[in-house]
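Coordinates in review
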Amino acid sequence: MNQGSLLSVCLRLAIALFTRGFFQPDEYFQALEPAHRVVFGYGHLTWEWLSPQPVRGVLYPAINIPAYWALKVSGLDRIYPATVVIGPRLIHGLLAALTDIWVCKLTREVLDEAYVRLAYFLSLTSFFHSMSLSRSLSNSLETSLTTVALSHFPWGVEAPFSLCMLIQPRRARLRRCICFAALACAIRPTNSIIWIYMFFVLFLRVRSRPKFLMIVARDAIMIGATVLTLSTVLDTLFYGRLTLTVLNFLRVNASPVSSFYGSSPWHYYLLQAIPILCATSLPFVLHGSFLAVKKNEAKLKVLVGCVAWTIGVYSLLGHKEWRFLHPLLPMLHVLGASSLRELYNHITRRRKQLAGLPLRMCDLLLLFLPVPASIYVTLFHCTGQIEVMSYLRSLPVDGSTTIGFLMPCHSTPWQAYLHRPDLAHPGKMWALGCEPPLMVRDRARYRDQTDLFFESPVGYVLSHFPSQVDPSFPPSPFPSSVPDASWVSILGEIESRNSSWDMGWRHEWPKYIVMFGALLQEPGMLSLLQEKGYREIWKGGREWDGDERRKGGVRVWAYGTL
């Protein structure tokens, strides 16, 4: 391992291990919880896993299974429960390092060796990489796999390349590209948008040689079919029936259901996501794109075209998130590196390089500006939502322990961070739900459990909780909905009757209540909890973090505590 690779591994592992903040619920509920359930027998599954046509494949969560299995077999999960958090983080830190390592190889292929250190520097200092790349998000592994695949892509696809297609090393390299691209698509089916463009370019350039076109097509079909079969077999074993989650995922994400979790205007990616992904490297990315077109540099123009195509297609979808464009960031770093080198060559021909980098001092300072923000989001942003799970894990194990989360849905991790089998029994630990309006025609009228609770928190508590606290703290009989086939049927019945979306949830008063401080500012909520005998025993996080419902820090209140 060379020094650059070692630095990447150390940096990404350090970020993975020391990240203390909450970013996206998918980090826990679409990766860690299913794997934890497979190995330990308990873990929360969201609607994506329980609906009649599941949209999540088990291939990505399975990456965490070896770490959990090793902890279970060794017994370390019982002796040191915190290791269930550390184990997967080590895996994702190592996977994140692939992006830094292979962006160097990608730069070498698209440009040349003189640009490699610049692209590597942009990758290491990237704000968005620091915030997201080492987390257990499918977009993060998608980014690494896409970068590796692009590094193996046949960038020199001119006529001479076609003659070299018969040479085994060249063909093996193309097969590796297809393999990594297929894995990226299996992890995130929408990654196929990138490869539709890239292989269209490839086919366009070898169209005059049908024999080689058939070789590429045959390899793509065989490898793609193999990966799809592997994914389908794993999903079928997990769900106990033949399941094609890839097709379900694409269908749901292209439907209005995806907009339930937020809809953004068409320019969202151009005006918000790209500036956030690039941070202070944005001027150089734009300049590099301009130079690629102006100088008619074939390889860079392919990158620019791929970025533009992908942003254009994603912009047609209603639900948009910054992280959906994460796989484009290494390509943007390559474009940024071309700009930085051009600026350095143009203005400072004889000036000494800074720290071995061909950079002007002003550019170096500009690129270092996001580093404090990276440190903040890693160590200090929204830490209460993670810290509270460590506190709850330390609570005594007894038959009376029950926990209720009166928070917006999925505001904290779950059993993958808690690791308390005594709380895995139904109703012992519960949270408010936010299932989407599956098969509901009038989606604008739909209200999930979280919506109904926050429309009138005190009213919800008075109508869904007993009038008195039972000091034995029995499990709640129906604290949230299970989004299976019967739930979808009930939604249809409610809509046909045009009645309330309240499904008759019934809670028992838990021994511990977890909430954000903002809930205590709701009229009557503080006095109601105090009248019932609850007192605050723990507070974490910062009061200014989060949206309006998540401000005030994270609080834990317990019954009967003086």
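Each chain carries its own residue numbering, running from 1 in the written order of its sequence. Restriction of local features to residues with pLDDT of at least 70 applies here, the model being predicted, together with a cutoff of 80 or more for giving and counting side-chain atom pairs; totals for whole chains, interfaces and linings are based on all residues. Values reported for side chains reflect all heavy atoms of the structure, with hydrogen atoms and water molecules removed beforehand.

Looking at the overall build of the protein
Numbering of helices and strands runs from the N terminus, with a helix taken as a DSSP run of H or I at least four residues long and a strand as a DSSP run of E at least two residues long. Along the protein, the regular secondary structure elements total 26 helices and five strands. Projecting the C-alpha coordinates of the protein onto the three principal axes gives extents of approximately 80 × 50 × 50 Å. Per-residue accessibility, obtained with a 1.4 Å probe over protein chains only, is compared with the maximum for each type, and a residue is labelled buried under 20%, exposed over 50%, and partly exposed between these values. For the protein, buried positions account for 56% of its 562 residues. Contact definition: two residues touch when any of their heavy atoms are within 4.5 Å. Partitioning the contacts of the protein with sequence separation of at least 6, the portion at a separation of at least 24 is 78%. Per-residue accessibility takes into account occlusion by the displayed protein chains alone, with areas from the Shrake-Rupley method and a 1.4 Å probe. Accessible area of the protein: about 23,900 Å², with a carbon and sulfur share of 64%. Positive charges come from Lys and Arg alone, negative charges from Asp and Glu alone, with His and the N- and C-terminal ends not counted. For this purpose, a charge sits on NZ of Lys, CZ of Arg, CG of Asp or CD of Glu. Between the centroid of the 54 positive side chains of the protein and the centroid of its 38 negative side chains there is a distance of 11 Å.

What to know about helix α24 (residues 457-464)
Note on helix geometry: an α-helix contains 3.6 residues per turn, so any two residues three or four positions apart are oriented the same way. All of the buried residues along α24 are P457, V458, Y460, V461 and H464. For α24, the buried positions fall inside an angular range of 160° around the axis, keeping them on one side. Where α24 is buried, its residues contact α23 (449-455) and α26 (525-531). As used here, the arc belongs to the directions running from the helix axis to the C-beta atoms.

Quick notes on a nonpolar patch on the surface
A patch consists of residues whose relative accessible area exceeds 30% and which take part in no salt bridge; residues with like charges are grouped when within 9 Å of each other, and nonpolar side chains (Val, Leu, Ile, Met, Phe, Trp, Tyr) when within 5 Å. What makes a salt bridge here is a side-chain nitrogen of Lys or Arg within 4 Å of a carboxyl oxygen of Asp or Glu, nothing more. A cluster of nonpolar residues, L17, F18, I86 and L90, forms a patch on the protein surface that exposes about 350 Å² of accessible area. When contributions to the nonpolar patch are tallied by element, the ones reaching two or more residues are α1 (3-18) and α6 (83-110). On the basis of relative accessible area, F18 is assigned to the exposed category, the value being 53%.

Some points on the nonpolar core
Throughout this description, the term nonpolar core refers to a set of buried Ala, Val, Leu, Ile, Met, Phe, Trp, Tyr and Cys residues connected via side-chain atoms within 4.5 Å. With 69 residues, the main nonpolar core has W155, W195, M198 and L325 as its most contacted residues. Sort the elements by how many residues they give to this core and helix α11 (residues 168-187) lands first, with nine residues. If near-sequence neighbours (up to four positions away) are discounted, L325 is found in contact with Y269, A273, I274, L277, I311 and Y314. By size, the runner-up hydrophobic cluster in this structure holds 36 residues, among which are W47, F454, W501 and M515.

Thoughts on the state of the cysteines
The term disulfide is used for any two cysteine sulfur atoms that are within 2.5 Å. Tallying each qualifying case throughout the model produces one disulfide. Across a sulfur-sulfur distance of 2.0 Å, C409 and C434 are joined as a disulfide pair. In this structure the cystine formed by C409 and C434 twists about its S-S bond by roughly 90°; its chirality is therefore right-handed. Of the two residues, C409 is situated in the loop between β1 (403-406) and α22 (415-418) and C434 in the loop between β2 (429-431) and α23; the sequence distance between them amounts to 25 residues. The two residues C409 and C434 agree in class, both being buried. Not part of a disulfide, C104 finds its nearest cysteine sulfur in C10, a span of 15 Å. Of the residues examined, C104 reaches a relative accessible area of 12% and is grouped as buried.

Description of the pattern of salt bridges
Applying the stated criterion to the full structure yields 21 salt bridges. Between E321 and R323 there is a salt bridge, with the nearest N and O atoms lying 2.7 Å from each other. There is no split in this pair, since E321 and R323 are both buried. When salt bridges that share partners are traced, they join D26, R56, E321 and R323 into one network.

Quick word on the environment of F453
Tracing the backbone through its elements, the reader meets F453 in helix α23. Spatially, the C-alpha atom of F453 lies 8.3 Å from that of L432, the residues being 21 residues apart in sequence.

Remarks on the sheet that holds β2
Here we have five strands laid out as an open sheet, ordered β2-β1-β3-β5-β4, and mixed in their pairing. Of all strands in the sheet, those with a lone pairing partner are β2 and β4 (534-540), marking the two edges. In this sheet, neighbouring strand axes are inclined to one another by 20° on average, regardless of whether the strands run parallel or antiparallel. The criterion for strand pairing is that DSSP finds at least two bridges linking the strands in question. In this structure, strand β3 (residues 512-516) lies alongside strand β5 (residues 554-559), joined through five bridges in antiparallel fashion. Within β5, the residue paired with V514 across the bridge is V556. Each of β1, β3, β4 and β5 touches helix α21 (residues 384-393); the most contacted strand, β4, lies at about 120° to it. To get an axis, fit a line to the C-alpha atoms, keeping to the stretch in contact for a helix; angles then go from 0 to 180 degrees between the N-to-C directions.

Observations concerning the pairing of β5
Of all six residues that make up β5, five are buried, and the element is covered over most of its length. Looking at chain direction, β4 and β5 are connected through six bridges and run antiparallel. Bridge pairing in β5 places Y534 opposite Y559.

Some details on the packing of aromatic side chains
Two rings from Phe, Tyr or Trp (for Trp, the six-membered ring) form a pair when their centres are within 6.5 Å of each other. A pair whose planes differ by under 30 degrees is stacked, one over 60 is edge-to-face, and the rest are tilted. Tallying each qualifying case throughout the model produces 25 aromatic pairs. Measuring from centroid to centroid gives 6.2 Å for F153 and F199, while their planes differ by 80°, and the two rings are edge-to-face. With F153 in the loop between α9 (138-152) and α10 (159-164) and F199 in helix α12 (residues 192-205), this pair connects stretches of sequence that are 46 residues apart. Across this residue pair, the class does not change: F153 and F199 are buried. By way of ring pairs, the aromatic residues W430, F465, F473, W509, Y534 and Y559 are connected into one cluster.

Here we look at the side chain of S51
Structurally, the position occupied by S51 is in the loop between α3 (47-50) and α4 (65-74). Looking at S51, the relative accessible area reads 4%, which means it is buried. Those residues in contact with S51 that lie beyond four places of it in its chain are R241, L438 and P483.

Concerning the packing of α6 against helix α7 (residues 116-124)
In contact at an axis separation of 9 Å, α6 and α7 are set at 150° when each is read in the N-to-C sense. Comparing their axes, α7 and α6 come out roughly antiparallel. The handedness of the crossing between α6 and α7 is right-handed. Within the contact between the two elements, α6 uses T99, D100, V103, C104, T107 and R108 and α7 uses V116, A119, Y120, S123 and L124. Of the residues assigned to the contact of α6 with α7, the class counts are six nonpolar, three polar and two charged. Any angle that falls under 35 degrees is termed roughly parallel, while one over 145 is termed roughly antiparallel, one within 65 to 115 roughly perpendicular, and all others oblique. Crossing handedness is read from the near helix: turned anticlockwise from the far helix by less than a right angle, it gives a left-handed crossing, and turned clockwise, a right-handed one. Residue classes follow a fixed rule: Ala, Val, Leu, Ile, Met, Phe, Trp, Tyr, Cys and Pro count as nonpolar, while Asp, Glu, Lys and Arg count as charged, and any other residue, Gly among them, counts as polar.

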